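In case you want the letters, here they are:
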Amino acid sequence: MISKLHYISQGNTVDEQLYNIQKTLDNGCDWIQLRFKNGNTEELLTVAEKTKQLCNQYKATFIINDKVDLAYQINADGVHLGLDDMRIKDARAILGNQKIIGGTANTFEHVLQRANEKCDYIGLGPFRFTKTKEKLSPILGLEGYKTILNQMDEQHIKIPLIAIGGITLEDIDSLIQSGLHGIAVSGLLTQNPTITTTLNEKLYVNI
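Since this is a predicted model, take the numbers as computed values, not measurements.

A short note on unusual backbone geometry
With glycine set apart, most residues show a phi of negative sign, and most peptide bonds adopt trans.
Then comes step 1: Cis geometry is found at the peptide bond from glycine 125 to proline 126, where omega equals 5°.
Then comes step 2: Within the element layout of this structure, proline 126 appears in the loop between strand S6 (121-124) and helix H6 (141-154).
Then comes step 3: Phi angles above zero are rare outside glycine, and lysine 59 is one such case at about 55°.
Then comes step 4: Counting through the fold element by element, lysine 59 comes out in the loop between helix H2 (41-58) and strand S3 (61-65).
Then comes step 5: On the basis of relative accessibility, which here comes to 75%, the residue lysine 59 falls in the exposed class.

Given below as structure tokens:
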């Protein structure tokens, strides 16, 4: 089961990461993707181990960004891989068929690639400009998502699409109505974790 609300962790230090993750879990988020780009190996391991304990405690899904070896080492629920990261086939060989593997996409060609690679969900974006990523792919916007969803329908491709990139509370309704499975947010929840309940209500309203 792929959640409709993914939190991509933020924080420049171990303590900041863990504080933000804890607050998000406290407020009802059940999917954490650990992204700690400026932590060293030891710091990353510390955050990963503690986040795994927290996710177990809250019965949340724990995904690690990029680091397949770390996900294997601590038995995380899965990984999320960018287009320049390890190939999904190779990650699957390491992690096995029971783990979740998500993949990034920016175009319909990427979606086709990810579908052929048999990843479990696709993080599709960016929706709009965001400062979270340094190297930003072309902006998709709502119309970009609709176009890709129509192309997927024509090709009978069924895989959960998660919108990502600068999403605000006001965007949720139109994104979900377009047919997207869910959203991934970072700054939105870091800055105001208490809106998790509101996001979940909006995202799960059609179930």
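Moving on from the model shown.
Overview of the pattern of salt bridges
Side chains bearing opposite charge may pair, as long as their charged atoms lie close to each other.
Then comes step 1: Applying the stated rule across the entire model yields 7 salt bridges.
Then comes step 2: Among the salt bridges present, the one from lysine 37 reaches aspartate 66, with a minimum N-O distance of 3.9 Å. Taken as a pair, lysine 37 in the loop between strand S2 (31-34) and H2 and aspartate 66 in the loop between S3 and helix H3 (68-74) lie far apart in primary sequence, 29 residues in all.
Then comes step 3: A salt bridge links arginine 87 to aspartate 90; the nearest nitrogen and oxygen atoms lie 3.1 Å apart.

Quick word on the packing of helix H1 (residues 14-26) against H2
Then comes step 1: Where H1 meets H2, the closest approach of the two axes is 10 Å, and the angle between their N-to-C directions is 15°. In this view, H1 runs roughly parallel relative to H2, as classed from their interaxial angle. H1 and H2 meet at a crossing whose hand is right-handed. Counted together, Val14, Gln17, Leu18, Ile21, Gln22, Leu25 and Asp26 of H1 and Glu43, Thr46, Val47, Lys50, Thr51, Leu54, Cys55 and Tyr58 of H2 form the full contact between these two elements.

Some points on the nonpolar core
Then comes step 1: Residues Leu124, Ile183 and Leu199 are the most contacted members of the largest nonpolar core, which totals 57 residues.
Then comes step 2: The biggest single contributor to this core is H2, with 5 residues.
Then comes step 3: One finds Ile2, Ile8, Trp31 and Ile63 within the second-largest nonpolar core, a separate group that totals 8 residues.

As for the environment of leucine 169
Then comes step 1: Along the chain, leucine 169 falls in the loop between strand S7 (161-164) and helix H7 (172-177).
Then comes step 2: Since its relative accessible area comes to 23%, leucine 169 is described here as partly exposed.
Then comes step 3: In sequence terms leucine 169 and serine 137 are 32 residues apart; their C-alpha atoms lie 22 Å from each other.
Then comes step 4: Ignoring any residue separated from it by four or fewer positions in sequence, one finds leucine 169 in contact with Leu188, Thr198, Leu199 and Lys202.

A word on the state of the cysteines
Then comes step 1: Under the counting rule described, the total for this entry stands at 0 disulfides.
Then comes step 2: The cysteine cysteine 29 is free of any disulfide, with cysteine 55 supplying the nearest cysteine sulfur at 8.8 Å.

With respect to the side chain of serine 186
Then comes step 1: Topologically, serine 186 is positioned in the loop between strand S8 (182-185) and helix H8 (187-191).
Then comes step 2: Residue serine 186 is classed as buried on the basis of its relative accessible area of 9%.
Then comes step 3: At a separation of 3.5 Å, a polar atom in the side chain of serine 186 contacts the side chain of glutamine 10.

Structural notes on the packing of aromatic side chains
Then comes step 1: Inspection of the entire model under this criterion finds 2 aromatic pairs.
Then comes step 2: With centroids separated by 5.6 Å and ring planes inclined at 90°, the aromatic side chains of tryptophan 31 and tyrosine 121 adopt a geometry described as edge-to-face. In this pair, tryptophan 31 sits in strand S2 while tyrosine 121 sits in strand S6, placing the two residues 90 residues apart along the sequence. Comparing tryptophan 31 with tyrosine 121 shows no difference in burial state: the two are buried.
Then comes step 3: Ring centres of phenylalanine 127 and tyrosine 145 lie 6.0 Å apart, and the angle between their planes is 20°; this geometry places the pair in the stacked category. Of this pair, phenylalanine 127 sits in the loop between S6 and H6 while tyrosine 145 sits in helix H6, and the two are 18 residues apart along the sequence.
Then comes step 4: On the accessibility criterion, tyrosine 145 (0% relative accessible area) is buried.

Cut-offs and rules
- Residues numbered from 1 in each chain as written.
- Predicted model: local features only at pLDDT ≥ 70, side-chain atom pairs only at ≥ 80, totals over all residues.
- Heavy atoms only, no water.
- Helix = DSSP H or I, 4+ residues; strand = E, 2+ residues; numbered from the N terminus.
- Buried < 20%, exposed > 50% of the residue type's maximum accessible area, 1.4 Å probe, protein only.
- Salt bridge = Lys/Arg side-chain N within 4 Å of Asp/Glu carboxyl O.
- Axes fitted to C-alpha atoms, helices over the stretch in contact; angles between N-to-C directions.
- Parallel < 35°, antiparallel > 145°, perpendicular 65-115°, else oblique.
- Left-handed = near helix turned anticlockwise from the far one by under 90°.
- Contact = heavy atoms within 4.5 Å.
- Core = buried A, V, L, I, M, F, W, Y, C linked by side-chain atoms within 4.5 Å.
- Disulfide = S-S within 2.5 Å.
- Polar contact = N/O pair within 3.5 Å; in protein donor to acceptor, adjacent residues only side chain to side chain.
- Phe/Tyr/Trp six-rings, centres within 6.5 Å; stacked < 30°, edge-to-face > 60°.

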